[in-house]
Amino acid sequence: MDIMSTAVALIDFPRLQEQIASRLLAEYNVEITRLSHSEAAARLDMFNLALFFWPDACAEAAERLNQLRSKEEAKKVPVVLVTSEMGKRNAESVLGPEMAADILVTPLQPYIVSKKLAGLLGVKKDNGTSRLNVSYINPFIEATTDTLKQMAGIECVRTGLTLRMDGNTTGFISGTMGLSGPAEGFVSVTFNDLLARTIVCRMLQVQLGEETDDDIQDGVGELMNMIAGHAKAELVHTEHSFQLSLPNVIVGGPHSVGHLRGVPVVVIEFTAEGVPFEVMVCLIPRKNKA
Amino acid sequence: MAILTVDDSTTIRRIVKRSVDEMGVEILEAADGASALKIIEERTSDIQLVLLDWNMPGMTGLEVLKVIKANPAYKDIVVMMLTSEADQSFVVEALKAGAQNYLTKPFDAKMLTLKIQESMTMTKA
């Protein structure tokens, strides 16, 4: 997901709110455009995401949002309503999920804005008009799914995509790998203790309880190695190509798997055996590094 | 007759061992390149196949492969790379250096068995 090429419209934002929103969005280097409601209705399809400021949202919210999407091409653009606590209550009673992708309440909280933004950009990844580029995340999704399936016979499902500005995780055990080359950063996979044991036991074809802690650590490190290697092969001719290094394993949660200052960490959320786990990818082409 | 698996991951060595045990062939294990070369030197006449990881602490799998292929005493030993390095360029480099087979991780257990059996046939040829 190339956040740098993402266009975000701020609709009907007063100057102060625009400054606040712009500051929150700036760390992702999105291209921000301030528009009136009527301007946005004419060209919403040009954007990947729109934030619509309406502190006094009321029962007319559905109509106002529908006006923004009068063009067919604009119907797939997620629009987030930014409103007051009262406006949120009013809007929630009349808006369906197809009308507003989400509702943010002022004052805007940085963590919440980051999380929602990333999730929404993940939704709108390829509709033919989007400028969002998910080309470097998709190989990691495929690699994770394929690795668990082939090595442990476990199906996993991607459930979400978010951004963090750090490498903190609440999971118990992480396999991590530093990446270098034309692009640099790190990738990690984090499980809770039971899921890690379940996966490794399936790989080794032993019963749960027969494994040692060393087995789990080695198994998680090897899973990381395989996920990174699989993704690497897919990215070899892109600006996100990288070289593998030896995996490391961190045990005990919560912990941090690493961080590149100023570079967002894309968190790919999965479930396997009904249990959530996550893969974090922090990867930036060297030419884009400040 | 024996197969040597060279991988710094005990998980992979155990998975390989399970497959090889089912074939009734002796399995030897090494966690790095230097240990592998020592075992090969000591058991040259027994070792029919070496399964070799690429990225390991110390010598890389490619370096180990080149040492094996440079020694005429090891000419009957077949080498199959078993690695996460899946780029075509790595496959080509390994084959040019003398590897007879290549399997990328992750792998299906049946595919591993099939590739090992295929590599063993190469020995006879």
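Residues numbered from 1 in each chain as written. Chains lettered and ligands numbered in written order. Predicted model: local features only at pLDDT ≥ 70, side-chain atom pairs only at ≥ 80, totals over all residues. Heavy atoms only, no water.

Another aspect to go through is the overall build of chain B. In terms of helices and strands, chain B carries five helices and five strands. When the elements of chain B are put in sequence order from the N terminus, they spell out β-α-β-α-β-α-β-α-β-α. For 125 residues, the compact-globule estimate of 2.2 N^0.38 gives 14 Å, and the C-alpha radius of gyration of chain B, at 13 Å, lies within 12% of that figure. Each of the 125 residues in chain B was classed as buried or not, and the buried ones make up 54%. A sequence separation of at least 24 residues applies to 62% of the contacts in chain B between residues at least 6 apart. Working note: accessible area of chain B is about 5400 Å², and carbon and sulfur atoms make up 54% of it. Averaging the coordinates of the 14 positive side-chain charges in chain B and doing the same for the 18 negative ones gives two points 3 Å apart. (Helix = DSSP H or I, 4+ residues; strand = E, 2+ residues; numbered from the N terminus. Rg over C-alpha atoms; globule rule 2.2 N^0.38 Å. Buried < 20%, exposed > 50% of the residue type's maximum accessible area, 1.4 Å probe, protein only. Contact = heavy atoms within 4.5 Å. Areas by Shrake-Rupley, 256 points an atom, 1.4 Å probe, with all protein chains shown as cover. Lys, Arg positive; Asp, Glu negative; His and termini not counted. Charge placed at Lys NZ, Arg CZ, Asp CG, Glu CD.)

This part covers the interface of chain A and chain B. Taken together, the contact pairs 21 residues of chain A with 21 residues of chain B. Surface buried jointly by chain A and chain B totals about 1800 Å² across both partners, of which 53% is contributed by carbon and sulfur atoms. For the pair chain A and chain B, the number of links is four salt bridges. For B:Glu85, the salt bridge is made with A:Lys232, and the minimal N-O distance between the two is 2.5 Å. Applying the counting rule to chain A against chain B returns eleven residue pairs in polar contact (both at pLDDT 80 or more). Elements supplying a minimum of two residues to the side of chain A that touches chain B: helix 6 (138-152), helix 7 (193-204) and helix 8 (213-235) of chain A. When residues of the side of chain A that touches chain B are assigned to their parent elements, the largest contribution, ten residues, is made by helix 8 of chain A. When the residues that make up the side of chain A that touches chain B are grouped by side-chain class, the tally is nine nonpolar, seven polar and five charged. (Buried area = accessible area lost by both parts, 1.4 Å probe. Salt bridge = Lys/Arg side-chain N within 4 Å of Asp/Glu carboxyl O. Polar contact = N/O pair within 3.5 Å; in protein donor to acceptor, adjacent residues only side chain to side chain. Nonpolar A, V, L, I, M, F, W, Y, C, P; charged D, E, K, R; others polar.)

A few words on the confidence of the model for chain A. Parts of the prediction with low pLDDT should not have their coordinates interpreted in detail. Averaged over all residues, the pLDDT of chain A is 83; the fraction at 70 or higher stands at 86%. The model gives residues 122-132 of chain A a pLDDT under 50, and that stretch makes 26 contacts with residues more than four places away or in other chains. (pLDDT = per-residue confidence, 0-100.)

Take helix 2 (residues 33-42) of chain B next. Residue and element names in this part refer to chain B. For helix 2, the set of buried residues is Gly33, Ala36, Leu37, Ile39 and Ile40. Looking down the long axis of helix 2, one finds its buried residues gathered within 160 degrees of arc, a one-sided arrangement. Residues of helix 2 that are exposed and angled more than 90 degrees away from the buried face: Ala34, Lys38, Glu41 and Glu42. For helix 2, the secondary structure elements touched by its buried residues are strand 1 (2-6), strand 2 (26-30), strand 3 (47-52) and helix 3 (61-70). Of the residues flanking the start of helix 2, the one acting as N-cap is aspartate 32, its side-chain oxygen 3.2 Å from the backbone nitrogen of alanine 34. (Arc of directions from axis to C-beta.)

All right, on to the nonpolar core then. A:Phe191 and A:Phe277 are the most contacted members of the largest nonpolar core, which has 61 residues in total. Residue contributions to this core peak at nine residues, all from helix 8 of chain A. Once you skip the residues sitting within four places of it in the chain, A:Phe277 turns out to touch A:Thr144, A:Leu148, A:Cys156, A:Val189, A:Thr190, A:Phe191, A:Leu195, A:Ile268, A:Glu269, A:Phe270, A:Thr271 and A:Ala272. Membership of the second largest hydrophobic core comes to 28 residues, among which are B:Ala36, B:Ile40, B:Ala97 and B:Ala99. (Core = buried A, V, L, I, M, F, W, Y, C linked by side-chain atoms within 4.5 Å.)

Attention now goes to the sheet that holds strand 10 (residues 248-251) of chain A. Residues and elements named next belong to chain A. Pairing in this open sheet of six strands is antiparallel, and the strands run 6-12-13-9-8-10 from one edge to the other. On the outer flanks of this sheet lie strand 6 (156-164) and strand 10, each paired with one strand and no other. Between one strand and the next, the sheet's axes are offset by a mean angle of 20 degrees, whatever the strand orientation. In the packing of helix 7 onto the sheet, the strands contacted are strand 8 (173-179), strand 9 (183-191), strand 12 (265-272) and strand 13 (275-285), and the crossing angle to strand 9 comes to about 95 degrees. (Pairing = 2+ DSSP bridges. Axes fitted to C-alpha atoms, helices over the stretch in contact; angles between N-to-C directions.)

All names here are of chain A. As a packed pair, helix 7 and helix 8 sit with axes 9 Å apart at the nearest point and diverge in direction by 85 degrees. In terms of orientation, helix 7 lies roughly perpendicular with respect to helix 8. Contact residues: Ala196, Arg197, Ile199, Val200, Met203 and Leu204 in helix 7; Asp213, Asp215, Ile216, Gly219, Val220, Leu223 and Met226 in helix 8. Taken together, the residues of the contact of helix 7 with helix 8 break down into nine nonpolar, one polar and three charged. (Parallel < 35°, antiparallel > 145°, perpendicular 65-115°, else oblique.)

Moving on, we come to the sheet that holds strand 4 (residues 78-83) of chain B. Neighbouring strands of a sheet are bound in pairs by backbone hydrogen bonds; such pairs are parallel or else antiparallel. Residue and element names in this part refer to chain B. Judged by pairing direction, the sheet is parallel, and its five strands sit side by side in the order 2-1-3-4-5 without closing on themselves. Pairing within the sheet leaves two strands with one partner each, and these edge strands are strand 2 and strand 5 (101-104). Each strand of the sheet is rotated relative to its neighbour by a mean of 20 degrees, with strand direction disregarded. In the sheet, strand 4 pairs with strand 5 via four bridges, with the strands oriented parallel. Across the sheet, threonine 83 pairs through a bridge with threonine 104, a residue of strand 5. Against the sheet, helix 1 (residues 10-23) makes contact with strand 1, strand 2, strand 3 and strand 4, and its axis sits at roughly 170 degrees relative to strand 2, the strand it touches most. Packed on one face of the sheet, helix 2 meets strand 1, strand 2 and strand 3 and runs near 140 degrees to strand 2.

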